[in-house]
Amino acid sequence: MGIERLGNQVEKESRDLAILEAVIENGPIGIVRLAEETGIPKHKVRYSLRMLEDDELIEPTPQGAIPADDIDEHVAQINEGIDHLVGRLSELKNVVGSVEN
């Protein structure tokens, strides 16, 4: 099964969320400082910023990235989505566990 692929996707999403959190807490913030704050390499920070901008979670400014005006609504939706995924993964684990027994 694509567990490795799923793990890689979760890692990427985790990185994006770490960048988003740093932007929310420290914005405006640029790539170099984000890399320093998060320990994430600059090329991955740049990629995450692009994805977050495409998802309308952040906005670029000359001083660095800032959170979108409606970031609280987006964060609430993200949290709901994560809760749903955790529940779904738990269900899948139970299904796989019952097949093993």
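Structure: above.
About the thresholds
- Residues numbered from 1 in each chain as written.
- Predicted model: local features only at pLDDT ≥ 70, side-chain atom pairs only at ≥ 80, totals over all residues.
- Heavy atoms only, no water.
- Helix = DSSP H or I, 4+ residues; strand = E, 2+ residues; numbered from the N terminus.
- Rg over C-alpha atoms; globule rule 2.2 N^0.38 Å.
- Buried < 20%, exposed > 50% of the residue type's maximum accessible area, 1.4 Å probe, protein only.
- Areas by Shrake-Rupley, 256 points an atom, 1.4 Å probe, with all protein chains shown as cover.
- Patch = residues over 30% accessible without salt bridge, like charges linked within 9 Å, V, L, I, M, F, W, Y side chains within 5 Å.
- Salt bridge = Lys/Arg side-chain N within 4 Å of Asp/Glu carboxyl O.
- Lys, Arg positive; Asp, Glu negative; His and termini not counted.
- Charge placed at Lys NZ, Arg CZ, Asp CG, Glu CD.
- 1 Å grid on protein atoms, 1.4 Å probe; cavity = no way out; pocket = protein on both sides within 12 Å on 5 of 7 lines; lining within 4 Å.
- Points joined across faces, edges and corners; volume = space filled by probe spheres on them.
- Expected span 1.5 Å × (residues − 1).
- Arc of directions from axis to C-beta.
- Contact = heavy atoms within 4.5 Å.

(A) The overall build of the protein, seen in detail. Scanning the protein for helices and strands turns up 4 helices and 2 strands. Secondary structure elements of the protein occur, N-terminal to C-terminal, as α-α-α-β-β-α. Its C-alpha radius of gyration of 16 Å places the protein more than 25% over the 13 Å reference for a compact globule of 101 residues. On the principal axes, the C-alpha backbone points of the protein span a range of 60 × 30 × 20 Å. For the protein, with 101 residues in total, the buried portion stands at 22%. Total accessible area on the protein stands at roughly 7300 Å², and carbon and sulfur atoms take up 52% of it.

(B) Spatial organisation of a negative patch on the surface. Residues Glu-53, Asp-54, Asp-55, Glu-56, Glu-59, Asp-69, Asp-70, Asp-72 and Glu-73 make up a contiguous surface patch of negative charge. At the level of elements, α3 (42-54) and α4 (71-100) are the ones that each hand at least two residues to the negative patch. Topologically, Asp-72 is positioned in helix α4. Residue classification places Asp-72 among the exposed residues on the basis of a relative accessible area of 65%.

(C) Structural detail: the layout of surface pockets. The volume enclosed by the largest pocket comes to roughly 430 Å³. Lining the largest pocket are 18 residues, and of these Val-10, Glu-13, Leu-17, Ile-82 and Leu-85 lie nearest its centre. For the lining of the largest pocket, the secondary structure elements donating two or more residues are α1 (3-26) and α4. The greatest single-element share of the lining of the largest pocket, amounting to 8 residues, is contributed by α4.

(D) Fine view of α3. Taking 1.5 Å of rise per residue, 13 residues should cover 18 Å, and α3 covers 18 Å from first to last C-alpha, within 8% of that figure. Within α3, the full set of buried residues consists of Val-45, Ser-48, Leu-49 and Leu-52. Along the axis of α3, the buried residues cluster in a sector spanning 105 degrees; they form a single face. Turned more than 90 degrees off the buried face of α3, the exposed positions are His-43 and Asp-54. In this structure, the buried residues of α3 make contact with α1, α2 (31-38) and β1 (58-59). Backbone geometry just downstream of α3 places Glu-56 in the positive-phi region, at approximately 60 degrees.

(E) Broad picture of the pattern of salt bridges. Counted according to the given criterion, the structure contains 4 salt bridges. One salt bridge connects Glu-13 with Lys-12, and the closest N-O pair in it is separated by 3.7 Å. Judged by relative accessible area, Lys-12 falls into the buried class, the value being 15%. One salt bridge connects Glu-37 with Arg-33, and the closest N-O pair in it is separated by 3.7 Å. With Glu-37 and Arg-33 both in helix α2 and 4 residues apart, this pair spans about one turn of that helix.

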